[in-house]
Each structure stands twice: as structure tokens, then as C-alpha cells.
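One letter stands for each residue in the lines below.
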Amino acid sequence: MSQQSARGFEDLDLRPSGRLSPRKRARVTRGVQYVVLLAAVAAILASVNWTLMREKIFTLEAIRNAAPNIPHAFGNTLLYTLGAFGVSLTLGTVLALMKLSSVKVYRWLATAYIEFFRGLPALLIVFAVAYGLPMTLGVRIPSLFLKAAIALGVVSSAYMAESLRAGIQAVPKGQVEAARSLGMTHSKALIHVVFPQAIRIVLPPVTNEIILLTKDTSLVYVAGMTLAEWELSKLARESLAEPVGGLTALFAIGALYLVITLPLGFVVRRLEKSFGKAKA
Amino acid sequence: MRVTGLRKSFGNHEVLKGIDLQVTPGEVVCVIGPSGSGKSTLLRCVNLLEKPTSGTVELLGVDITDPDADIDKVRAHVGMVFQAFNLFPHKTVLGNLTLAQVKVLGRSREEAEEVAMRNLRHVGLADRATAYPAQLSGGQQQRVAIARSLSMDPRLMLFDEPTSSLDPELVGDVLAVMRDLAAEGMTMLVVTHEMAFAREVSHRVIFMDDGAIVEQGPAAQVIGSPRTARAKLFLHRVLHPTEIAEAELGETEPIDPVLDREEWEELHGS
Ligand SMILES: Nc1ncnc2c1ncn2[C@@H]1O[C@H](COP(=O)(O)OP(=O)(O)O)[C@@H](O)[C@H]1O
Ligand SMILES: [Mg+2]
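Position numbers for residues start from 1 in each chain and track the written sequence from start to end. Chain letters start at A and ligand numbers start at 1, both assigned in the order the entries are written. Restriction of local features to residues with pLDDT of at least 70 applies here, the model being predicted, together with a cutoff of 80 or more for giving and counting side-chain atom pairs; totals for whole chains, interfaces and linings are based on all residues. Computation of side-chain values: all heavy atoms of the structure, hydrogens and water removed.

Caption draft 1: View of the overall build of chain B. Numbering of helices and strands runs from the N terminus; a helix is a DSSP stretch of H or I covering at least four residues, while a strand is a stretch of E covering at least two. Within chain B one finds ten helices and ten strands. Atoms counted for the radius of gyration: C-alpha only. Globule rule: 2.2 Å times residue count to the power 0.38. Taken over C-alpha atoms, the radius of gyration comes to 19 Å for chain B, in line with the 18 Å a tight globule of 270 residues would show. Seen through its C-alpha atoms, chain B measures out along the principal axes to roughly 60 × 45 × 40 Å. Between buried and exposed lies partly exposed: a residue is buried under 20% and exposed over 50% of the maximum accessible area for its type, with that area taken using a 1.4 Å probe on protein chains only. Relative to its full complement of 270 residues, chain B shows a buried share of 49%. Any pair of residues with heavy atoms lying within 4.5 Å of one another is described as a contacting pair. Sequence separation of at least 24 residues holds for 62% of the intrachain contacts in chain B that already meet a minimum separation of 6. In these tables, accessible area is a Shrake-Rupley quantity obtained with a 1.4 Å probe, and a residue counts as shielded only by the protein chains included in the view. For chain B, the accessible area works out to roughly 12,500 Å², and carbon and sulfur atoms hold 49% of it.

What follows is the structure, given as C-alpha cells:
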């Protein structure tokens, strides 16, 4: 290679071009954003009728009226969520394995199921399970718990299956190959090598699915329920019909949903962060 | 181990074009050749991680291409060491070494741990038994992977570029372990770019190019004075990487030909 003269940097113009340097400009923009925010908050606070607000969303009497039903409604919401989650996880696992099967018909069936139930509103499925099954097939599901678990679980399993499949497929191919080359059968490799690693990957989406299920239990009331079977949303609807309190019960019950879902959301974020770290 | 008329295609891309190869007990055979020439595919066909398109593979006296053969039983005694180690990240070093012993060979936990510790000592890592793979260096991980295979009482060991993803200063430890193994009479088929190792340890070197065995013989001959032009060019490039003239660039095939659509789908599923 021939010797070339070294190339310097004197020919480049590197002075800032505008009046403000990029860093100063960013600081000014941020200041403007704060001013806009403060103005908006002040405007809202000034325009609210506080006495009316207090009467409609914070009347102690309304909470007192609903109180006797709150514990079992809260418990039922949890119960229906758990039941639906059990169905969802079981069905979802079967569907995920079908999707990964080498038998084409299984893959096809699983895909059809998933596309079908992902495309329908959960409310419709609750109707179908509560009224459609007895009318068309003569199948009468004995308890509301089972109706909720089946209807919501069937819908949720479609999403669950996709999350589980993605988790299983996210385990590197080399893991199965290492397991197989040690003489493990396909199922031993799945059980001892793939699943334990997939569980870490699917925990965040699965926890998310529990949050969605918790909220979906608010649809079960269309199946018709006795007082003992009320869950939070049914209680909220009934409370709205009371003469006092306006939306108070609605707000209180909204807060109870958050008592369930916020910690779960926190868990999801923590899991995502810790698995992000463990990837190294 | 005996491979006869082995062919393998991915889609319409023929990667192995009729390989005949025999490795006798106690023999150490090194496979060299350019990237993409089918070395990995050959190794993967040998223990059926990849299904041959045609031809037969006989391992430990069993024709494993016969649908009636119990491939898992054979594989349990054929060690495979990967370029990417493929340790189980959710298990400790000891867990990595005992899992298949217990689940495949049916050994008791105590026996499996005893065997595991013996093999960890063998690769110089007995003190890391309780560590997780992520806490080990690449060189240590690869030695654990070798110990994991050894714990299954293998009669043949397959190595696919075991040192290619290691930092240069860690290569020596792994090669030392492999050299020991060879000295103990282990039958080994090793894909490698470590010419010094091939020269020193192997009984036979095979040069592969474009899915076929182009040249084979004692290391001194194949590496020292190759007969074919392709082997000469390849060895020149490996042994003297800074001497590649500008005019020579692009003279050989691109290292990893772009996959056509069909191959891509085969790789990634549809
Ligand atoms: N699973 C696969 N699907 C499609 N093509 C593949 C697959 N595995 C390997 N190949 C192709 O086969 C050829 C040989 O690959 P490989 O055996 O890995 O070569 P080497 O190990 O000698 O570098 C390459 O062209 C590669 O792209
Ligand atoms: Mg390779």
C-alpha cells in the first residue's frame, strides 16, 4: 500500500449553527411543557363544582348501603377470575402444544379455535354458555362459578395459547438439541429443559392475562345471578339504582378492582425487569 | 461410526452431496473446510439432529437411519459439543451434568453426582459445581459442556467448532481437555479451525468443500502440503489471514450465500 498523507479535521465546520445550542433549546422546550401542564390543571380545578362532585361520588351513606355485600362480591370476583384462569391455562397449554405439533390437523384446529375466540366479544360467549348451551344442546351448567370459568376461560385460552406458544418457541433451539443429543426423548426435553425456561418468559404475559380476566368478570352478570353470586360489577349496577349517592358506589367499586389489578401490574413490571437482567 | 452415501438437502439446496466416512474406535478425525461447506450439517446428520435426505448412518453398530432403531438409546452414548455450548441456563453446573444421567440412564442421584464430580475434576472445574452457566466464562462453559457429555459414558464424541466462539486466551483450556480425551483413546469427530490442534492430535484430517469430501489423509499431508487447489486456497486463507491480496478478494464464494425464499421458510417455519 502506498504511503498517504494523514487526514486531519481542520476542514470541518463544527460550530453550533442556530442561536441556541441543541441542549439549551431542549431546556426551553421542557419549560414550555411544564407551563402548559400547570395551566391545564388550574383550569380543571377552577371549573369543577366541588359540592356537587362530593355529593355524587363521595356520599358515605351510599357506601354504607353497599357495604354488607362488598366482601362476598369482592370474593366472587376473585373466585370467578381464578376459575377462568384455571380453564384458560389448561386449555391454553393444550392449544399451544397443538400449535407446535408436527401433525398438521392439530395445528390447523388450534389455529381455527384461536382465531375464532379472539374475534368474538367475551360478552357474547357468556350469553352462549348461559343460554345458548341449554337451548341448543340441552347442556345446563349447574353453577354460576362454572359458567363464568368456562365462558371467560374459553375466550382467554385463545390469548393464553399464543403467549405460551411464543414462550416455548423463545427457548433457543440449541436447548432442545442439547437435550436430545444427551438421549432425552422429545417429551423429556420439553418437560426438563424447555418448560422450566419457558415459564420465566411467559410469566409477564400470563399475569397480564389474569388482569384482563379480573376485569372480564364484570360481564358475568348477564348470565343472571343470585345475591350470593354477585360480583363487584353487579353490586355496582344495583347500587346505581339506589336513590342516594349517585356514582359513589361505582367509584368505590372501581377502587376495589384496582386493589386487585394494580399489584398484579406491579408484579408484571417487576418480572419483566428481572428477566431482562437475567438474560445476560 | 460409518456414514455411507449421505446426502442432505434443505429445500432444493443440496448441502451434503454424498459423503462416505468411517471413524474407527480410538480414532480422532478432524474436519476442516470453508464456512457453509456443510461441516455442521454433516455432524448433525451423524446423530440425526438433522434427518438425512438419503444414505445411511451407522453409529455404535446400529443403523440409526433405520426407522426401527431407538435413536435416543444411541444418542445417550454419543456426545455432542456445540459451538454455542448450549448449557441449560436454569440448572447449576452439577444439575447440567446429572439431568440426563438420571432421566435417561436411570442412575441414582448419588451415583450421577459422583460421576459428575469426577468429570468436573477431569476438566478442572470441580470448584464450580454449584455455579450457574451465566456465571462462567465461555471457556469454562465449554468445558462444562464437555463434562456433561462425558458423564453419559460416551463411546463417540462429536465436536462442532468447540472453540470458535471463545476469546482467544480461553481456547487453550478447552483444547487441552480435548487433547487429554484423545490421549485416553476417545473416538472423536471434530470440526475445527484450530490447525495446530488438528496437526498435533488428529489421526486423519478431512477437507470438505461445497458438501463433499475433497481431500483427506494424515494432518501433515492435508494441512502441510494439500494436493487440491481448493484446499490450498482455504489453508492459505486460514493460516495467513493478513496476506490476502486485494486482487484475491471476492475470488471465492461468498461465505454465507443468501438464503432463497424456500430455505428461509424452512429455517423459520411459515
Ligand atoms: N436448517 C437449515 N435450513 C436451510 N439451510 C441450512 C440449514 N442449515 C444449514 N443450511 C445451509 O447449509 C449450508 C451448510 O451449512 P453448515 O453445515 O452450517 O456449514 P458449515 O458448518 O461448514 O459452515 C449453508 O449454506 C447453510 O446456509
Ligand atoms: Mg458450522
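Caption draft 2: Representation of the nonpolar core in the model. One finds Ile146, Met157, Phe159, Met178 and Met188 of chain B to be the most contacted residues of the largest nonpolar core, which totals 46 residues. At seven residues, the largest contribution of residues to this core is made by helix H6 (residues 168-183) of chain B. Setting aside its immediate chain neighbours within four residues, Met188 of chain B contacts Val23, Glu27, Val28, Val29, Leu156, Met157, Phe159, Met178, Leu181 and Ala182 of chain B. What is meant by a nonpolar core is a set of buried Ala, Val, Leu, Ile, Met, Phe, Trp, Tyr and Cys residues, joined one to another through side-chain atoms within 4.5 Å. Membership of the second largest hydrophobic core comes to 42 residues, among which are Leu144, Leu152, Val206 and Tyr257 of chain A.

Caption draft 3: A look at the site of ligand 1. Residues and elements named next belong to chain B. Note on terminology: near, applied to a residue and a molecule or strand, indicates that one of the residue's heavy atoms is within 4 Å of it. Around ligand 1 sit 13 residues, and of these Gly36, Gly38, Lys39, Ser40 and Thr41 come closest. Gly38 places a main-chain nitrogen or oxygen 3.0 Å from an oxygen atom of ligand 1. Coverage of ligand 1 by the protein amounts to 83% of the 560 Å² it exposes when considered alone. Among the elements of the structure, strand E2 (13-22) and helix H1 (39-46) are those that each provide at least two residues to the shell around ligand 1. Broken down by element, the residue count for the shell around ligand 1 peaks at three residues, all from H1. The residue makeup of the shell around ligand 1, split by class, is five nonpolar, seven polar and one charged. Pairs of N or O atoms within 3.5 Å make up the polar contacts considered here, provided that, within protein, one atom can donate a hydrogen while the other can accept it, and that residues adjacent in sequence are counted only when both atoms are side-chain atoms. When residues are grouped by polarity, Ala, Val, Leu, Ile, Met, Phe, Trp, Tyr, Cys and Pro land in nonpolar, Asp, Glu, Lys and Arg in charged, and all others, Gly among them, in polar.

Caption draft 4: Spotlight on the sheet that holds strand E6 (residues 78-81) of chain B. Residue and element names in this part refer to chain B. In this scheme, strands are said to pair when DSSP sees at least two bridges between them. Taken in spatial order, the six strands make up an open sheet running E6-E7-E8-E3-E9-E10, and their pairing is mixed. The outermost strands of the open sheet, each flanked by one partner alone, are E6 and strand E10 (212-217). Strand-to-strand twist in this sheet, taken as the mean axis angle between neighbours without regard to direction, amounts to 15°. Two elements, strand E7 (residues 156-160) and strand E8 (residues 188-191), share four bridges in a ladder whose sense is parallel. Bridge pairing links Met157 to Met188 in E8. Convention adopted: a line fitted to C-alpha atoms gives each axis, helices being fitted over their contacting stretch, and angles between N-to-C directions are expressed from 0 to 180 degrees. Contacts from helix H9 (residues 229-239) reach strand E3 (28-32), strand E9 (204-209) and E10 within the one sheet, and its direction differs from that of E9 by about 100°.

Caption draft 5: Representation of the sheet that holds strand E1 (residues 2-10) of chain B in the model. Residues and elements named next belong to chain B. Read from one edge of the open sheet, four strands run E2-E1-E4-E5, paired in antiparallel fashion. The sheet terminates laterally at E2 and strand E5 (62-63), the two strands that pair on one side only. The pairing of strand E4 (residues 54-59) with E5 spans two bridges and is antiparallel. Paired with Glu58 across the two strands is Asp63, which belongs to E5.

Caption draft 6: Looking closely at the state of the cysteines. Residue and element names in this part refer to chain B. Cysteine sulfur pairs qualify as disulfides if the two atoms are within 2.5 Å. In this structure the tally under the stated criterion is zero disulfides over all chains. Cys30 takes part in no disulfide bond, and the closest cysteine sulfur to it belongs to Cys45, at a distance of 20 Å. With a relative accessible area of 0%, Cys30 lands in the buried category. Residue classification places Cys45 among the buried residues on the basis of a relative accessible area of 0%.

Caption draft 7: Main features of the pattern of salt bridges. By definition, a salt bridge exists where a carboxyl oxygen of Asp or Glu is found within 4 Å of a side-chain nitrogen of Lys or Arg. Inspection of every chain in the model, using the stated rule, returns 16 salt bridges over all chains. In this structure, Glu177 of chain A engages Lys173 of chain A in a salt bridge whose closest nitrogen and oxygen atoms are separated by 3.6 Å. In this pair, Glu177 of chain A and Lys173 of chain A both sit in helix H8 (residues 173-181), four residues apart, roughly one turn of the helix. The residue Arg179 of chain B makes a salt bridge to Glu200 of chain B at a minimum N-O spacing of 3.0 Å. Of this pair, Arg179 of chain B sits in helix H6 while Glu200 of chain B sits in helix H7 (residues 195-201), and the two are 21 residues apart along the sequence. If you follow the salt bridges from partner to partner, you end up with Lys173 and Glu177 of chain A together with Arg44 and Glu50 of chain B in one network.

Caption draft 8: Highlighting the interface of chain B and chain A. Listed by partner, the interface residues are 23 residues for chain B and 18 residues for chain A. Each of two parts loses accessible area, computed with a 1.4 Å probe, when they are put together; buried area is these two losses added. In terms of surface lost to chain A, no three residues of chain B exceed Phe88, His90 and Lys103 of chain B, which account for 29% of the buried area on that side. At the boundary of chain B with chain A, the tally comes to two salt bridges. Residue Glu177 of chain A pairs with Arg44 of chain B through a salt bridge whose shortest N-O separation is 2.8 Å. When contributions to the side of chain B that touches chain A are tallied by element, the ones reaching two or more residues are helix H2 (71-75), E6, helix H3 (93-103) and helix H5 (138-150) of chain B. With three residues, H3 of chain B is the single largest residue contributor to the side of chain B that touches chain A. When the residues that make up the side of chain B that touches chain A are grouped by side-chain class, the tally is 13 nonpolar, four polar and six charged.

Caption draft 9: Quick look at the pairing of E10 of chain B. Residue and element names in this part refer to chain B. Looking at chain direction, E9 and E10 are connected through five bridges and run antiparallel. Looking across to E10, one finds that Ile206 is bridged to Gln216. In textbook terms, the turn of a hairpin is the stretch between consecutive antiparallel strands, and for E9 and E10 this stretch comprises two residues, one of which, Asp210, has a positive phi near 55°.

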